[in-house]
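# Per-entry structural report
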Amino acid sequence: MPCDIDAVVRSNTRLSDEYSVLALDAPEIAGLARPGQFVMVKPARGMDPLLRRPFSIFEILRDGSGHPTGISILNKRVGVGTRLVYDAEPGARVACLGPLGRPFEPIDPPAQAWMVAGGVGLAPFLTLAEALAARGTPTTLFYGARRARDLYYTGVFEDLGVTVVAATEDGSLGAKGFITGPLNDALAAVGSGPAVKLYVCGPTPMMRAVATIADCHGQPCDVSLEQVMGCGLGGCYSCVVLTRQVGAPPHFVRSCLEGPVFDAGRIVWEALAH
């Protein structure tokens, strides 16, 4: 069962004018969380915003003995709720409900894990990278952003043994263009080598493109959808996603319950708003 707590803000690291990492004292949630799960956060007690906002769990924070003591979330300031998260100061309290949702399933070696992130879609992958490192699974992060300064935490991933492949739209770091280009080239080069499983999170057009590329190369692909959610518990039906099921017509499911992680082949991408 998820925990509903008032979490104390431990720190708030502003990475840029848009991005920040909010660290929360939340041992109850940290001890239960699995890679790819999320929390529902309400950073203020007033009516604006009225509802909580979903955030992937970015890090599991631990003490010197390795015991989980808290979590962090990667935030991009785009609206009222995310602005309040960006502005939160140490010592403040925020309502935090979690962990929620269907997690990623880390793959074991000799298969390879390829994580594909766009922008704030990096958020669910640090916990996944740690789980894969614990299994000894060879892991690559394909990471795309508009410019080099928007590529965060690459050194942390590399310290976990993850190979980082970058692409920027302005060409300031890595390949110029979208990350789907280097990904497609890398999949084409796999040939008869070890199996690859893709894990994807980011803008909907990117996830749809990666799902198509993975299908063309015959590789399994899981996506973590970034749906708007009102409750995170399945009660409000604000996060429904049209999905396919063998032997049945497409039907809507609640991504907070059946996701946010889905087999990419289940998603009716044409029905998702960009």
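About the thresholds
- Residues numbered from 1 in each chain as written.
- Predicted model: local features only at pLDDT ≥ 70, side-chain atom pairs only at ≥ 80, totals over all residues.
- Heavy atoms only, no water.
- Helix = DSSP H or I, 4+ residues; strand = E, 2+ residues; numbered from the N terminus.
- Rg over C-alpha atoms; globule rule 2.2 N^0.38 Å.
- Contact = heavy atoms within 4.5 Å.
- Areas by Shrake-Rupley, 256 points an atom, 1.4 Å probe, with all protein chains shown as cover.
- Lys, Arg positive; Asp, Glu negative; His and termini not counted.
- Charge placed at Lys NZ, Arg CZ, Asp CG, Glu CD.
- Axes fitted to C-alpha atoms, helices over the stretch in contact; angles between N-to-C directions.
- Parallel < 35°, antiparallel > 145°, perpendicular 65-115°, else oblique.
- Left-handed = near helix turned anticlockwise from the far one by under 90°.
- Nonpolar A, V, L, I, M, F, W, Y, C, P; charged D, E, K, R; others polar.
- Buried < 20%, exposed > 50% of the residue type's maximum accessible area, 1.4 Å probe, protein only.
- Arc of directions from axis to C-beta.
- Salt bridge = Lys/Arg side-chain N within 4 Å of Asp/Glu carboxyl O.

### Details of the overall build of the protein chain
A tally of regular secondary structure across the protein chain gives seven helices and 16 strands. The C-alpha radius of gyration computed for the protein chain amounts to 18 Å, which stays within 12% of the reference 19 Å derived for 274 residues, consistent with globular compactness. Considered along the principal axes of its C-alpha atoms, the protein chain spans approximately 55 × 45 × 35 Å. For the protein chain, contacts bridging at least 24 residues in sequence account for 65% of all contacts bridging at least 6. Approximately 12,200 Å² of the protein chain is accessible, and the part contributed by carbon and sulfur atoms is 53%. Counting 23 positive and 26 negative side-chain charges, the protein chain places the averaged centre of each group 5 Å from the other.

### Things to note about the packing of helix H5 (residues 180-190) against helix H6 (residues 204-216)
Contact pair H5 / H6: the axes reach a minimum separation of 10 Å and the direction vectors enclose 15 degrees. What the angle tells us is that H5 and H6 run roughly parallel. Between H5 and H6 lies a crossing whose hand is right-handed. Side by side, H5 and H6 meet where Thr180, Leu183, Asn184 and Leu187 of the first sit next to Met206, Ala209, Val210, Ile213 and Ala214 of the second. Taken together, the residues of the contact of H5 with H6 sort by class into seven nonpolar, two polar and no charged.

### Let's talk about H5
Turning to H5, its buried residues number three or more, namely Thr180, Pro182, Leu183, Leu187 and Val190. In a view along the axis of H5, the buried residues occupy a sector of 160 degrees, so they form one face of it. In H5, the exposed positions that point more than 90 degrees away from the buried face belong to Asp185, Ala188 and Ala189. The inward-facing, buried residues of H5 abut strand E8 (112-118), strand E9 (139-145), strand E10 (163-168), strand E11 (175-176), strand E12 (196-201) and H6.

### Let's talk about the pattern of salt bridges
Side-chain pairing between opposite charges can occur once the charged atoms of the two side chains come close. Under the defined criterion, the tally for this structure stands at 10 salt bridges. Note that Arg52 and Asp4 form a salt bridge whose closest N and O atoms lie 3.1 Å from each other. Of this pair, Arg52 sits in the loop between strand E3 (38-42) and strand E4 (53-56) while Asp4 sits in strand E1 (residues 3-14), and the two are 48 residues apart along the sequence. Among the ionic pairs, Arg147 bridges to Asp150, the shortest N-O distance being 2.9 Å.

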